[in-house]
Amino acid sequence: MTSGALPDNPFVAAGMIEDPRLFVGRKDELHAIASRMKGDQPTSINIVGDKHIGKSSLLYYFFRTWEQRVLHNTSRYVVIYLPLRSVDCQTETGFYETVAESLLNHVQGWQLQLRNPWKTKPLNRQAFSDAVKEWKQQGKLPVLCLDDFESLLKYPDKFDNGFYDNLRSLMDSNALMLVVASGKQLDVYANTHRFVSSFFNIGHTIYLKELTTDEAIELSRLPTRSSNGAALSVDEQSHAQQWGDRYPYKLQLAGYYLWEARQTGKPIKWAKQQFEQQLTKAKSPSQGQRWQLWLRWLVWDLPVRLGKIPQFIGVTVGDIGNWITGLVMLLLPVLVLVGVVRWNQVWDFVRDKLGIK
């Protein structure tokens, strides 16, 4: 959508904000990350928020500006930003090698005592752990800003409990700090994917919400990329604030089209139509996604809910048992209609499952 944007348009209607000059707000969140990084015992953080709320932009902005917040003893830290959706992070060794490469990009070539620990090949779990511990002895703390955490969950055979346990061990020994961005709290993913690692009970959670009113106003007043004056007129700023309703993505989207409308001689009405179309498009699942959601509801969610009926009378079973029971209950009426079983047999089955004598 932004590929045809006019070069001076400061609003980022899709993707991450990469230019620090165009980042607005989140002062409390940035302070919270920095303060937990500076402590004698660095505390890892989970940044949680909905899609398009600005998690990636926050992580990347912190990565670009952390030295302005730490000020003292900055040589102690090496901070990197790593999008886990990268193809290089689809295996455990790939993850370690990507982290190592990113860390070494921030280390001077002559600092061999910091570079040598990462030269072990293959850079497996043990080698990664040894390198991080060696850095701790050298007085260096790697701070990994990990974006799109959900990407790792697509590969449970590659990233198992042992992988997460190792990260947790390094965090607990104050040798490593993580700032992890995710749509839900990490412990929710642990329950969903049956992980038992204590990694998912991360030290501190920051919930990313809408911008404050002052931050929303500041965002609507962004300057162009080549000047210091506001990109939008006062009237256009008012429209952006009304349409955006303090939500970062909507504010950016509104500003994007209001700016483009003025530059191309189109009316405000055109900008509003474009804004609403793109907003609807962003919210609507694709045809493939709709099919997957419907299929999941039919073959998993509905049977599980039906199967949980016995729990209301004191019987405890797992979700798999619930699913099997619910699926059978779902199919029985169909079998009756086609003459395979009779209603009295269905009733006998239901009574047996509910424990009714």
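None of these values were measured; they are calculated from a predicted model. (Residues numbered from 1 in each chain as written. Predicted model: local features only at pLDDT ≥ 70, side-chain atom pairs only at ≥ 80, totals over all residues. Heavy atoms only, no water.)

*Asks:* So what exactly am I meant to see when it comes to the overall build of the protein here?
*Replies:* Helix and strand counts for the protein stand at 14 helices and five strands. Long-range contacts, defined here as pairs at least 24 residues apart, represent 69% of the contacts in the protein between residues at least 6 apart. Accessible area for the protein stands at about 19300 Å²; split by element, carbon and sulfur atoms hold 51% of it. (Helix = DSSP H or I, 4+ residues; strand = E, 2+ residues; numbered from the N terminus. Contact = heavy atoms within 4.5 Å. Areas by Shrake-Rupley, 256 points an atom, 1.4 Å probe, with all protein chains shown as cover.)

*Asks:* I tried to follow the pattern of salt bridges on my own but got confused; where do I start?
*Replies:* Note on pairing: side chains with opposite charge can pair once their charged atoms come close. Summed over the entire model, instances satisfying the criterion amount to eight salt bridges. Note that Arg21 and Asp19 form a salt bridge whose closest N and O atoms lie 2.7 Å from each other. Judged by its relative accessible area of 61%, Arg21 is exposed. When its relative accessible area of 18% is taken as the criterion, Asp19 is described as buried. Of the charged contacts in the structure, one is a salt bridge between Glu276 and Lys272, with a shortest N-O distance of 3.5 Å. Residue Glu276 and its partner Lys272 are located together in helix α11 (residues 268-283), separated by four residues, close to a single helical turn. You can call Glu276 partly exposed: its relative accessible area is 39%. Here the salt bridges share partners, and the residues they tie into one network are Glu92, Arg125 and Asp160. (Salt bridge = Lys/Arg side-chain N within 4 Å of Asp/Glu carboxyl O. Buried < 20%, exposed > 50% of the residue type's maximum accessible area, 1.4 Å probe, protein only.)

*Asks:* I'm lost on helix α7 (residues 186-193) in this one. Help?
*Replies:* An α-helical turn contains 3.6 residues, so any two residues separated by three or four positions project in the same direction. Taken residue by residue, α7 has Leu186, Tyr189 and Ala190 as its buried positions. Down the axis of α7, the sector holding all buried residues measures 105°, keeping them to one side. Turned more than 90 degrees off the buried face of α7, the exposed positions are Asn191 and Thr192. In this structure, the buried residues of α7 make contact with β1 (45-48) and β4 (177-182). (Arc of directions from axis to C-beta.)

*Asks:* Quick question: what am I supposed to make of the packing of helix α1 (residues 27-38) against helix α2 (residues 55-70) here?
*Replies:* Helix packing geometry: the angle between the two helix axes and the distance between the axes. It is the contact of α1 with α2, at a shortest axis distance of 10 Å, that shows an interaxial angle of 60°. Classified by the angle their axes make, α1 and α2 are oblique. Considering only the axes of α1 and α2, their crossing is right-handed. On the side of α1, the interface is formed by Glu29, Leu30, Ile33, Ala34, Met37 and Lys38, while α2 contributes Leu58, Tyr61, Phe62, Trp66, Arg69 and Val70. Class assignment for the residues of the contact of α1 with α2 results in nine nonpolar, no polar and three charged. (Axes fitted to C-alpha atoms, helices over the stretch in contact; angles between N-to-C directions. Parallel < 35°, antiparallel > 145°, perpendicular 65-115°, else oblique. Left-handed = near helix turned anticlockwise from the far one by under 90°. Nonpolar A, V, L, I, M, F, W, Y, C, P; charged D, E, K, R; others polar.)

*Asks:* Mind showing me how you'd approach the sheet that holds β4 here?
*Replies:* Working definition: the strands of a sheet are paired by backbone hydrogen bonds and lie parallel or antiparallel to each other. Read from one edge of the open sheet, five strands run β2-β3-β4-β1-β5, paired in parallel fashion. Sheet topology places β2 (77-83) and β5 (204-207) at the edges, where each strand pairs with a single neighbour. Shown here is a sheet whose adjacent strand axes are inclined to one another by a mean of 15°, direction ignored. Taken together, the four bridges between strand β3 (residues 141-147) and β4 define a ladder with parallel strand orientation. If you follow Leu146 over to β4, its bridge partner there is Val180. (Pairing = 2+ DSSP bridges.)

*Asks:* Teacher, can you tell me more about the pairing of β1 here?
*Replies:* Taken residue by residue, a regular strand's side chains alternate between the two faces of the sheet. Burial along β1 is two-sided: Ile45 and Ile47 facing one way and Asn46 and Val48 facing the other are all buried. Note: β1 against β4, four bridges, orientation parallel. Counterpart to Val48 in the pairing with β4 is Ser182.

*Asks:* For this particular structure, what's the right way to read the nonpolar core?
*Replies:* Within soluble globular proteins, side chains that are nonpolar tend to cluster in buried spots. Judged by nonpolar contacts, the single largest core of 54 residues is most densely connected at Met37, Ile47, Phe62, Tyr77, Val79, Val143 and Val179. In terms of residue count, helix α10 (residues 248-264) provides more of this core than any other element does, nine residues in total. Contact partners of Phe62, with chain neighbours within four places excluded, come to Leu30, Ile33, Ala34, Met37, Arg69, Val79 and Cys145. The next biggest cluster of nonpolar side chains, apart from the first, holds 42 residues, and it includes Leu82, Cys89, Leu144 and Leu146. (Core = buried A, V, L, I, M, F, W, Y, C linked by side-chain atoms within 4.5 Å.)

*Asks:* Whenever I open this one, the packing of aromatic side chains confuses me. Can you help?
*Replies:* Overall, the coordinates contain 24 aromatic pairs when judged by the stated rule. Taking 5.3 Å as the distance between ring centres and 85° as the angle between the ring planes, the aromatic pair formed by Tyr60 and Tyr81 counts as edge-to-face. With Tyr60 in helix α2 and Tyr81 in strand β2, the pair connects residues that are 21 residues apart, well separated along the chain. Judged on exposure class, the residue Tyr60 and its partner Tyr81 are both buried. Note on Phe149 and Phe200: the rings are 6.2 Å apart at their centroids and 75° apart in plane angle, and the pair reads as edge-to-face. Residue Phe149 is located in the loop between β3 and α6 (161-172), and its partner Phe200 is located in the loop between α7 and β5; the two are separated by 51 residues in the primary sequence. A cation over an aromatic ring shows up here: Lys266 above the ring of Trp270, its NZ or CZ 5.1 Å from the ring centre. (Phe/Tyr/Trp six-rings, centres within 6.5 Å; stacked < 30°, edge-to-face > 60°. Lys NZ or Arg CZ within 6 Å of the ring centre and 35° of its normal.)

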